[in-house]
Each structure stands twice: as C-alpha cells, then as structure tokens.
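Examination of the molecular architecture
Each chain, letter by letter, is given below.
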Amino acid sequence: MSGHIFRRLFHIAMFVIPFAYFEYGDSISDKLGVTLSQLVSLVIIVAIFGEAIRLKFKFTIFGQREYEANQVSALAWGGFAVGMVLLLVPIKQYAYPLIFSLAFGDPFMGEIRRQGVKLREVIIYSISFVLLLWILCWHLFATPLWLAFIFAPMCVFSEMPRLRYIDDNATMLLIPLAGILILDPFIGLM
C-alpha cells in the first residue's frame, strides 16, 4: 500500500518539472556550461543508463512493482516521455498542459478505477478532469483553448491501452506530443 501511495504522490509531484524547467532551467544549464536542451538530453541519457543498470541487476526501487525488475519501469518511461516533451515542445503553452495531464490525470484515472467506477464513467470523468487542466493552462500560460477539446480526450485515451512493454506514462505523453507536433505548423507557437 505504501508503494501505491508513493507512486501517486510521485506522479503528482511531476507538476514541478515544467516550473523548474521554465523558471530555473536556463540558469542551471548556464552554470553547467551547456544549453538547456543539452541539459535535458543529458538527464535523459543518465536516466537511460541508470535504468539499464537497474535492469541488468534486476532490482526495483521503492514504489516500483515487482515485475518492473525485468522490464523498463513506469518511472523510466515517464521520465523519458517528459524529457521528450521538453526537448520537442519547449514552450509553456504545450509543456505545461501535457505534463499536467500525466502528473494529475493519470493518478486521477487510476484512483477512480480503484473505486470500481465503470469504464464509461472513468472516461467521462477523466476527460472532464483533464479538460479542466488544459483550461487552467489556457488561463495561466495562454495555451490555445481549442486544443483542450482535442487533447484532453487524446490524453485520456492514450493512457488506456494496456501494453506489455510500454507503460501508460509514456503513451499518455508521447501520443499527444505527436499530435501537438503535427498541429503546430497550423498553430505556429514554436
């Protein structure tokens, strides 16, 4: 049970990542003598090597599930996906709502499923919740409002496939990220 609570709290804590990136990323990367995108790439590379070592020795860290000893962990998939968001769409209007969808939307969906809510209602409640997150980002970061109506459902449906080797922490970001990249030439934020 404590591992479950830790995973939920860890997810929610990810909301600080875009804040840290946009508020402190440039100064941290300047101190390290690299560009901000190089810093993000370095973090991803270190995470990949760390995950490779963890897999080589087949161990889990606190909060991970036992089966993750033998496959890429949800933590690694989520870290990779967040890193890709920051590398490919490094602007507030996209990064915040995408990362907030994972940080808050995934635990929300998981908890209402645990309550035995039927799939149809899980979908409706989750899309409504993630839609509110995107609307909040419209208010705070000038995310185009109409994107909320496309990407809230996309984020929710991207979380739903149960794939053996790719965790929903990755699909929930990488699928909507692809949508953002496809639509950006028409939006022109980047």
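The sections below set out a description of the structure shown in this document.

Quick notes on the rules
Residues numbered from 1 in each chain as written. Predicted model: local features only at pLDDT ≥ 70, side-chain atom pairs only at ≥ 80, totals over all residues. Heavy atoms only, no water. Helix = DSSP H or I, 4+ residues; strand = E, 2+ residues; numbered from the N terminus. Expected span 1.5 Å × (residues − 1). Contact = heavy atoms within 4.5 Å. Buried < 20%, exposed > 50% of the residue type's maximum accessible area, 1.4 Å probe, protein only. Arc of directions from axis to C-beta. Salt bridge = Lys/Arg side-chain N within 4 Å of Asp/Glu carboxyl O. Phe/Tyr/Trp six-rings, centres within 6.5 Å; stacked < 30°, edge-to-face > 60°. Core = buried A, V, L, I, M, F, W, Y, C linked by side-chain atoms within 4.5 Å. Axes fitted to C-alpha atoms, helices over the stretch in contact; angles between N-to-C directions. Parallel < 35°, antiparallel > 145°, perpendicular 65-115°, else oblique. Left-handed = near helix turned anticlockwise from the far one by under 90°. Nonpolar A, V, L, I, M, F, W, Y, C, P; charged D, E, K, R; others polar.

A few words now on helix 6 (residues 119–141). With 23 residues, helix 6 extends 32 Å between its outermost C-alpha atoms, agreeing within 8% with the 33 Å of an ideal straight helix rising 1.5 Å per residue. Its buried side turned inward, helix 6 meets helix 5 (92–114), helix 7 (145–159) and helix 8 (168–187). At the exit of helix 6 stands Ala142, carrying a positive phi of roughly 65°.

Here we come to helix 3 (residues 36–56). Spanning 21 residues, helix 3 covers 30 Å between terminal C-alpha atoms, matching the ideal 30 Å at 1.5 Å per step. Restricting attention to buried positions, one finds in helix 3 the residues Leu36, Leu39, Val40, Ile44, Glu51 and Arg54. Relative to the axis of helix 3, the buried residues are bounded by an arc of 135° and lie together on one face. When the buried face of helix 3 is taken as reference, the exposed residues oriented beyond 90 degrees from it are Val46, Phe49 and Lys56.

What follows concerns the pattern of salt bridges. This model, assessed by the stated rule, comprises 7 salt bridges. Its salt-bridge partner being Arg8, residue Glu111 comes within 2.6 Å of it at the nearest N-O pair. In this pair, Glu111 sits in helix 5 while Arg8 sits in helix 1 (residues 2–13), placing the two residues 103 residues apart along the sequence. With a closest N to O distance of 2.6 Å, Glu51 and Arg54 form a salt bridge. Within this pair, Glu51 and its partner Arg54 are both found in helix 3, separated by 3 residues, close to a single helical turn. When its relative accessible area of 10% is taken as the criterion, Glu51 is described as buried. One network of salt bridges, in which partners are shared, links Arg113, Glu159, Arg162 and Asp168.

Further remarks concern the packing of aromatic side chains. Going through the model one piece at a time under the given rule, you end up with 11 aromatic pairs. On the basis of an interplanar angle of 35° and a centroid distance of 6.0 Å, the ring pair of Phe6 and Phe10 is categorised as tilted. One end of the pair is Phe6 and the other is Phe10, both in helix 1 and 4 residues apart, which spans about a single turn. Taken together, a centroid distance of 3.8 Å and an interplanar angle of 10° make the contact between Tyr96 and Phe141 stacked.

This next bit is on unusual backbone geometry. A positive phi angle is found at Ala142, which is not glycine, with a value near 65°. With respect to the secondary-structure elements, Ala142 resides in the loop between helix 6 and helix 7.

Quick look at the nonpolar core now. Within the largest apolar cluster, 40 residues are counted, with the highest numbers of intra-cluster contacts made by Val85, Leu86, Val89, Leu98, Trp134, Leu173 and Ile180. Elements with a contribution of two residues or more to this core: helix 2 (16–32), helix 3, helix 4 (74–88), helix 5, helix 6, helix 7 and helix 8. Here this core gets 9 residues from one element, more than from any other, and that element is helix 5.

This next bit is on the side chain of Ser158. Here Ser158 shows up in helix 7. Each residue touching Ser158, except ones within four places of it in the same chain, is listed here: Thr171, Met172, Ile175 and Pro176.

What follows is about the packing of helix 5 against helix 8. One way to put it is that helix 5 packs onto helix 8 with a least axis distance of 10 Å and a crossing angle of 150°. If you check the angle between helix 5 and helix 8, you find them roughly antiparallel. Here helix 5 and helix 8 pass one another in a crossing that is right-handed. Contacts between helix 5 and helix 8 involve Tyr94, Leu98, Ile99, Ser101, Leu102, Gly105, Asp106 and Met109 from the first element and Asp168, Asn169, Met172, Leu173, Pro176, Leu177, Ile180, Asp184 and Ile187 from the second. Among the residues making up the contact of helix 5 with helix 8, the classes are represented as 11 nonpolar, 3 polar and 3 charged.

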